[in-house]
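# Observations on the model geometry
In case you want the letters, here they are:
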Amino acid sequence: MSDEVQIDQEVYDRLIGEGKSERIARAKAKAASVRKQKIEEGQSLGPKPAEEASKALEEFRSSRGGGGGVATKTAAPADGGSGGRLTPEERAQRVAASLGNGGDSGSVGVPASSDHTHRLLALVPPAGIQQVQSKQMDKVYTWPHLLLVEFVALLAVGSLLLIVSFFLDAPLGSLANPNEVPAINKAPWYFMGLQELLAYFHPAVAGITIVGATVALLMALPYADKNPSARPENRKFAAMAFTFFLAFWGILTMIGSFLRGAGYEWVWPWVQGLGFTL
Amino acid sequence: MPKLPKPPSYSDVKGSVQDNVIWKSIFRPGSIYRKGYRDTSRDRALAAMNNVLYHLHPVKVKRHGLKLTYTYCLGGLSFFLFVLLTITGIFLMFFYTPAAGAGTEIAYMNMRELSASVTFGGLVRNLHRWGAHAMVFAVFLHMARVFYHGAYKPPREFNWVVGVILLLLTLFLSFTGYLLPWDQLALWAVTVGTNIAGFSPVFGDQVSFVLLGGVQIGPETLLRWYVLHVLFVPFITVVFLAVHFWRIRKDGGISGPL
Ligand code: HEM
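These figures come from a predicted structure and were not determined experimentally.

### Re the overall build of chain A
Tallying secondary structure elements over chain A gives ten helices and one strand in all. Listing each helix as α and each strand as β along chain A from the N terminus yields α-α-α-α-α-β-α-α-α-α-α. Within chain A, the proportion of its 278 residues that are buried is 26%. If you take every contact in chain A between residues at least 6 apart in sequence, the share linking residues at least 24 apart comes to 50%. When the accessible surface of chain A is totalled, it reaches about 18900 Å², and 62% of it is carbon and sulfur.

### A look at the overall build of chain B
Counting its regular elements, chain B contains twelve helices and one strand. Order of helices (α) and strands (β) in chain B, N terminus to C terminus: α-α-α-α-β-α-α-α-α-α-α-α-α. Radius of gyration (C-alpha) of chain B: 25 Å, far over the 18 Å computed for a compact globule of 258 residues. When its C-alpha atoms are laid out on the principal axes, chain B stretches across 80 × 65 × 30 Å. Across the 258 residues in chain B, those meeting the buried criterion constitute 49%.

### Examining the site of the ligand
Residue and element names in this part refer to chain B. Taken together, 27 residues form the shell around the ligand, and within it His142, Arg145, Gly163, His244 and Ser255 come nearest. The side chain of Arg156 places a nitrogen or oxygen atom 3.2 Å from an oxygen atom of the ligand. Residue His244 places a side-chain N or O atom 2.8 Å away from a nitrogen atom belonging to the ligand. Of all the elements in the fold, those that place two or more residues in the shell around the ligand are α6 (74-93), α8 (121-148), α9 (157-179) and α12 (219-250). Among the elements that line the shell around the ligand, the one with the most residues is α9, at seven residues. Partitioning the shell around the ligand into residue classes produces 14 nonpolar, eleven polar and two charged.

### Things to note about the domain arrangement of chain A
The domain architecture assigned to chain A consists of domain 1 (1-63), domain 2 (142-172) and domain 3 (180-272). Taking only C-alpha atoms, the centre of domain 1 of chain A and the centre of domain 2 of chain A are 68 Å apart.

### As for the packing of aromatic side chains
As enumerated under the stated definition, the model contains 22 aromatic pairs over all chains in all. A connected cluster of aromatic rings, assembled from ring pairs, spans A:Trp189, A:Tyr190, A:Phe191, B:Phe137, B:Phe140, B:Phe175 and B:Trp225. B:Arg129 extends its terminal NZ or CZ atom over the ring of B:Tyr178, reaching a point 4.9 Å from the ring centre.

### Concerning the coordination of the iron atom of the ligand
Residue and element names in this part refer to chain B. The coordination sphere of the iron atom of the ligand contains the protein donors His142 (NE2) and His244 (NE2), at a distance range of 2.1 Å. Considering all six donor atoms around the iron atom of the ligand, angles at the metal cover 85 to 179° and the coordination shape is octahedral. Of the two residues, His142 is situated in helix α8 and His244 in helix α12; the sequence distance between them amounts to 102 residues. Comparing His142 with His244 shows no difference in burial state: the two are buried.

Calculation notes
- Residues numbered from 1 in each chain as written.
- Chains lettered and ligands numbered in written order.
- Predicted model: local features only at pLDDT ≥ 70, side-chain atom pairs only at ≥ 80, totals over all residues.
- Heavy atoms only, no water.
- Helix = DSSP H or I, 4+ residues; strand = E, 2+ residues; numbered from the N terminus.
- Buried < 20%, exposed > 50% of the residue type's maximum accessible area, 1.4 Å probe, protein only.
- Contact = heavy atoms within 4.5 Å.
- Areas by Shrake-Rupley, 256 points an atom, 1.4 Å probe, with all protein chains shown as cover.
- Rg over C-alpha atoms; globule rule 2.2 N^0.38 Å.
- Near = heavy atom within 4 Å.
- Polar contact = N/O pair within 3.5 Å; in protein donor to acceptor, adjacent residues only side chain to side chain.
- Nonpolar A, V, L, I, M, F, W, Y, C, P; charged D, E, K, R; others polar.
- Domains from an automatic or database assignment.
- Phe/Tyr/Trp six-rings, centres within 6.5 Å; stacked < 30°, edge-to-face > 60°.
- Lys NZ or Arg CZ within 6 Å of the ring centre and 35° of its normal.
- Donors = N, O, S within 2.8 Å, 3.2 Å for Na, K, Ca; no water.
- Tetrahedral: all angles 85-135°; square planar, octahedral: opposite > 155°, others 65-115°.

As structure tokens, then:
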């Protein structure tokens, strides 16, 4: 095991010829040569049956010097020249130590006793799992900092709403009558922009085309905006375009809400009164 | 004279209340209700971690996100208003019947009685009404702040789309609720609104038929919109809210700093 594994040149060349990357070709060629070697030595491929596995383990134990009594829980392998890597034996000792059986069973990936229901597949050094490139951010604890801010915001808005509700009653008109169209006939305020559009365009345009386009544009926006920067100075066009968009609907909504009266005619609220109900 | 038993001390009571299997099964190890709270980093972390709020908040958040002028709390307030509307709405449901057949306009009667003879009825109705307007407004503002911060940029594109769906759901929630008082205002505001949907070129008639339960707004519409308003749309909204909040955390928390 200690000697360098050869790669199977034939497999390697074939994979390179197929356009596989160098790394993949090398890995597969290595695996192929190991497989070939095993077949030559008369070993079977694939997972070993249970007795064979325990026999292999027995051999491994004896090759380690009889029962592994040498293992200590704080085994600090001398890894001078090996560049921080453990030899398989040292790793096995660590696994055993971390499983808490002091290496007595010498269990490496194989249940030491029948009441183990799982086995350890591998120990992976933390650096091998992921390499985090991002910088550490300046962070604070959610409790108390964020939760306190949230609580104050909630109290402020809650009490504001309570005060408004105490002094201002929600409207309730006379009983609905399908035969009596009221003089001032308006949609809720958030649809007033739409209703105002209906005053200018054919319903098929105002109602569906413009609304459909608005919703579609909104949903497509993050995919359409390819500018990676979020800094205001790099997004002047986007900010301007969105401001126009908001102003367009805002102004239509204002006109519809405050400057339209009976029969949806143009009115001045200080002359004819406010034709607007929330 | 027989000696009266000494009343147990506070710490005895506290000990026996907290030191048993039931209490310990409710509060997780490290919970401040199990072992008290000291203002240490460890307990601050545990306060967030051993709390159901851990579904919403991580243990630590970016410092700049705390500044009021970053989020203006608008997303959080939209959610707060949604919760408030759910609570006040449940209250209102106890006093409301969605019936409006000719001569049996119970829905409208209920609305009159609510202010006249239900304790806090008028106040709760006002809270529900003004809260609904406030929520629509807060969601609009939240969308604007997300835009101006460029907070929809990768990896947050999809959460913006979820947000747009939430905006539409919020509008639909508000709109379906608008009809329920069954007064002139409700009937005609909703008539104007649904006429717009009826103008859709291909499926216009079908859409308005499904929405209205007929060719014009009537008692069937009221029942239909009631179910949409109190059950169906809130349910869908909660599902999308869950996705929205989950994505905020998976996308790396709040965006920025700018
Ligand atoms: C029912 C409506 C909504 C609720 C309750 C809600 C809630 C929230 C909350 C609590 C946050 C955390 C940050 C903050 O408070 O600003 C957030 C972030 C976000 N929301 Fe919403 N939202 C809603 C609607 C929308 C809409 C309409 C949009 C956009 C069209 C949107 C897009 C986003 C995006 C992209 C973020 C991430 C922002 C960042 O990381 O800075 N949301 N939302």
